[in-house]
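# Results of the structural survey
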Amino acid sequence: SHICPYPPQGGEHLRAAGLLQALCRLGKVCAVLQSPLPEPPQDNLSLFAFDFLSEMKPLTRYHQLHPKLTALLQSILQTHPIDTVFIDYQFYGQYIDWFQKQGLFVIYGTHNAESHLTLQVARHQKPLKKLEKWILFAVQKWHENRYFKKADVFVVVSENDANYYQHVVPAHQRRVIPNFIDPQRYQMEQNPSVDSRCLVMSGNFTNFQNSEGIGWFLEKVWQEFHLYESYDLLLVGVGSEAMIRHHSSCPNLQATGKVPSVSPYLQKAYAAIVPLHDGSGSRLKILEAMLHKTPVISTTLGAEGLEVVDKQHLLIANTPQDFVNQLQALQSQTLQSQTMREQLVKEASDLLLKQYSLEACTGLLKQMI
């Protein structure tokens, strides 16, 4: 993977860290990750550094084998008894044949439908940038069509992504291993105090989908309906300070920047918002909110990829008025509102442990392998 998930901050890092943790439960793991690397966090994990970000050139990374990387991989194969290879995320399909020629079983993993995300970004760009993104989209689609079906198993995180790739990879090769989290990673208080004014959105705000989503929310909901009179909005994660500067006219808006843990902020929040209108895969920010017993208000697309039901596990809001109505329903002092909040939290927590926990998804990986 071109990701070094230590510490695991942000969706792609959480996914990569979770996969490594789950695979280490099934056997010994050698991981080639983006340098620099820490000491391996467990005994049966060996880490090998490769500088994907500077070595991989834009015009060749989609089809050429990199000699330094193949040399590193060859040295690992000569010194470790490898049976299975997990190529994790983005565009390394040209390595599938290389590994299979070594007699290895190859799993190709995706975190989302990356070419679909590129197309979404293109639609929001000015003409020259739009053209660049369209060219990138074409290259990515070419790569997907040429290589992805060669893997012995092709892993996606949701049925939505499986459907996106249905014309690329045969059904018998596709497997859904959903995004998941390990509850033990989070340092949660037993009886946290909840701030009834505090709304939270967590994520990487340098990511297009998050920045567009919060921009829409601030303009169409926060300011239009004067929600700032009743709430404070806290943005938690990388790039959140830039969002504050960009929307400096918005009152009662705060940012944390990069944080070591989302736990203190989610636990004090009255609700977590996920106002996304672009994206693929599934939202780890929703799983984290569920773990911290924080009710979630999300657009339909924000909750895409998770087997959640409106008014059972979270609240769906697709329009500005929907967000206002759902907040009012949560904030009401009636017994019905309090019961709804307690029920949402319980159902969401039960779903998380059953389908989106490290324990559950380690079982799915074991079956697949």
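Figured I'd write up the structure that's included with this text. Model, not experiment: these values are computed from the prediction.

## Side note on unusual backbone geometry
Glycine aside, the phi torsion of most residues is negative, and most peptide linkages are trans. Cis geometry marks the peptide bond from Tyr6 to Pro7, where omega comes out at 0°. Inspection of the secondary structure puts Pro7 in the segment before α1 (11-24).

## Here's the deal with a nonpolar patch on the surface
Where nonpolar side chains cluster on the molecular surface, the patch consists of Leu128, Leu131, Ile135, Val139 and Trp142 and spans about 480 Å² of accessible area. A residue is classified by how much of its surface remains accessible, and Leu128, at 61% relative accessible area, is exposed.

## Comments concerning empty space enclosed by the protein
Under the definition given, this model contains three cavities of 30 Å³ or more. Each pocket or cavity is described by its volume, and for the largest cavity that value is around 60 Å³. As for the largest cavity, its lining consists of Leu14, Ala17, Gly18, Gln21, Phe180, Ile181, Asp182, Arg185 and Tyr186. Among the residues making up the lining of the largest cavity, the classes are represented as five nonpolar, two polar and two charged.

## Describing the pairing of strand β1 (residues 29-34)
Along any regular strand, the residues point their side chains to alternate faces of the sheet. Of all six residues making up β1, five are buried, and the element is well covered by its neighbours. One ladder, built from six bridges, connects β1 with strand β2 (residues 45-50); its direction is parallel. Its bridge partner lying in β2, Ala31 is registered against Leu47.

## Comments concerning helix α3 (residues 67-79)
Taking 1.5 Å per residue as the helical rise, α3 with its 13 residues ought to reach 18 Å, and the 19 Å between its terminal C-alpha atoms agrees with that figure. Buried within α3 are the following residues: Leu69, Thr70, Leu72, Leu73 and Ile76. The buried residues of α3 occupy one face: seen down the axis, they fall within an arc of 160°. When the buried face of α3 is taken as reference, the exposed residues oriented beyond 90 degrees from it are Pro67, Lys68, Gln78 and Thr79. Those residues of α3 that are buried are in contact with β1, β2, α2 (52-55) and α4 (94-100).

## Some details on the pattern of salt bridges
Proximity of charged atoms lets side chains of opposite charge pair with each other. Overall, the coordinates contain nine salt bridges when judged by the stated rule. Residues Glu359 and Arg25 are paired through a salt bridge, measuring 3.1 Å at the closest nitrogen-oxygen approach. Linking Glu359 in helix α14 (residues 358-368) with Arg25 in the loop between α1 and β1, this pair joins segments that are 334 residues apart in sequence. One salt bridge in this structure joins Asp310 and Lys311, with 3.3 Å as the shortest N-O distance. The class of Lys311 is exposed, set by a relative accessible area of 55%.

## Overview of the sheet that holds strand β6 (residues 174-176)
Taken in spatial order, the four strands make up an open sheet running β3-β4-β5-β6, and their pairing is parallel. Taken across any chain shown, the strands that pair with only one partner, and hence form the sheet edges, are β3 (84-88) and β6. Neighbour to neighbour, the strand axes of the sheet diverge by 25° on average, direction disregarded.

## A look at the sheet that holds strand β10 (residues 271-274)
Strand order in the open sheet formed by six strands is β9-β8-β7-β10-β11-β12, and the pairing between neighbours is parallel. At either end of the open sheet lies a strand with only one pairing partner, and these are β9 (253-255) and β12 (315-316). Relative to β12, strand β11 (residues 296-298) runs parallel, the two being bridged by two bridges. Of the residues in β12, the one forming a bridge with Ile297 is Leu315. Relative to the sheet, helix α8 (residues 208-223) contacts β7 (198-202), β8 (232-236), β9 and β10, its axis offset from that of β8 by approximately 175°. Here helix α12 (residues 320-331) sits on the sheet and contacts β7, β10, β11 and β12; the angle it forms with β11, its principal contact strand, is near 165°.

## Here's the deal with the layout of surface pockets
Taken as a whole, the second largest pocket holds about 970 Å³ of empty space. Those elements that place two or more of their residues in the lining of the second largest pocket are α1, β1, β2, α3, β3 and α4. Class assignment of the residues belonging to the lining of the second largest pocket gives a composition of 26 nonpolar, six polar and three charged.

Rules used in this analysis
Residues numbered from 1 in each chain as written. Predicted model: local features only at pLDDT ≥ 70, side-chain atom pairs only at ≥ 80, totals over all residues. Heavy atoms only, no water. Helix = DSSP H or I, 4+ residues; strand = E, 2+ residues; numbered from the N terminus. Patch = residues over 30% accessible without salt bridge, like charges linked within 9 Å, V, L, I, M, F, W, Y side chains within 5 Å. Areas by Shrake-Rupley, 256 points an atom, 1.4 Å probe, with all protein chains shown as cover. Salt bridge = Lys/Arg side-chain N within 4 Å of Asp/Glu carboxyl O. Buried < 20%, exposed > 50% of the residue type's maximum accessible area, 1.4 Å probe, protein only. 1 Å grid on protein atoms, 1.4 Å probe; cavity = no way out; pocket = protein on both sides within 12 Å on 5 of 7 lines; lining within 4 Å. Points joined across faces, edges and corners; volume = space filled by probe spheres on them. Nonpolar A, V, L, I, M, F, W, Y, C, P; charged D, E, K, R; others polar. Pairing = 2+ DSSP bridges. Expected span 1.5 Å × (residues − 1). Arc of directions from axis to C-beta. Contact = heavy atoms within 4.5 Å. Axes fitted to C-alpha atoms, helices over the stretch in contact; angles between N-to-C directions.

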